[in-house]
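# Residue-level structure breakdown
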Amino acid sequence: MEEKNHKWYIIQTQHSYENKVRERLEKRIKENGMSDLIVDIYIPSETVSVNKNGKRVTKEEFFYPGYVLVKMIMNDATESMIRRTPGVASFIGSHATTKEEGKIVPSPLSDADVARIFEDREAKAQSGINELIGMEFDIGEKVQVIDGPFNGLNGIIENINLDKGRVTVKIEIFGRSTPTELEFSKVKKL
């Protein structure tokens, strides 16, 4: 089948089951001979290093926890196989069809959304966020928040917790100085 017929769909998983769902789907795709219909499974994530109990460990951080992207040709067989995979809760973004009254059909992601998701992945990979982890910070040092709801705001480090890999940054929000605890990976030196 032509590649252009394959579209990206979002499936919701049980909490912390993203990798298990991917493994189960890969196994079921092989068993059902659907590798030409379901061609890719992607979990938007990155591997980050964190300090845990004084030791540096790596962990997978999900950009969209609880969601897995699947590139596939949607038909009754592929939809049913995915829905019946243990750990899959549902497809995200569905609409009712007019052809078959009452039948709900999952909607694929738009090309713009797919481009944004994959551009975000590229940007995060190139930004070197992982290299910032373990960087020496000093109390009183100016930093900029580079991820999360305070992205782009500047602040001053008030406290450093090496065991947790977090800093407390005083950020001015709505004209008030607010202490905010952030992971090392969420700030950079100015």
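Coordinates for the structure precede this section.
So, how was this worked out
Residues numbered from 1 in each chain as written. Predicted model: local features only at pLDDT ≥ 70, side-chain atom pairs only at ≥ 80, totals over all residues. Heavy atoms only, no water. Pairing = 2+ DSSP bridges. Helix = DSSP H or I, 4+ residues; strand = E, 2+ residues; numbered from the N terminus. Axes fitted to C-alpha atoms, helices over the stretch in contact; angles between N-to-C directions. Contact = heavy atoms within 4.5 Å.

## A few points about the sheet that holds strand β2 (residues 38-42)
Pairing is antiparallel in the open sheet, where four strands are placed in the order β2-β5-β1-β6. The outermost strands of the open sheet, each flanked by one partner alone, are β2 and β6 (88-92). Averaged over all neighbouring strand pairs, the angle between strand axes comes to 30°, with direction disregarded. The pairing of strand β1 (residues 7-13) with strand β5 (residues 67-72) spans six bridges and is classified as antiparallel. When the bridges of β5 are listed, Tyr-9 appears paired with Val-70. In the packing of helix α1 (residues 18-31) onto the sheet, the strands contacted are β1, β2, β5 and β6, and the crossing angle to β2 comes to about 165°. Along the sheet, helix α2 (residues 76-83) contacts β1, β2, β5 and β6; its crossing angle with β6, the most-contacted strand, is approximately 135°.

## Structural notes on the sheet that holds strand β10 (residues 154-161)
One open sheet holds the five strands; their spatial order is β12-β11-β10-β9-β13, and the pairing between them is antiparallel. Edge strands, defined here as strands with exactly one partner in the open sheet, are β12 (176-183) and β13 (187-189). Averaged over all neighbouring strand pairs, the angle between strand axes comes to 45°, with direction disregarded.

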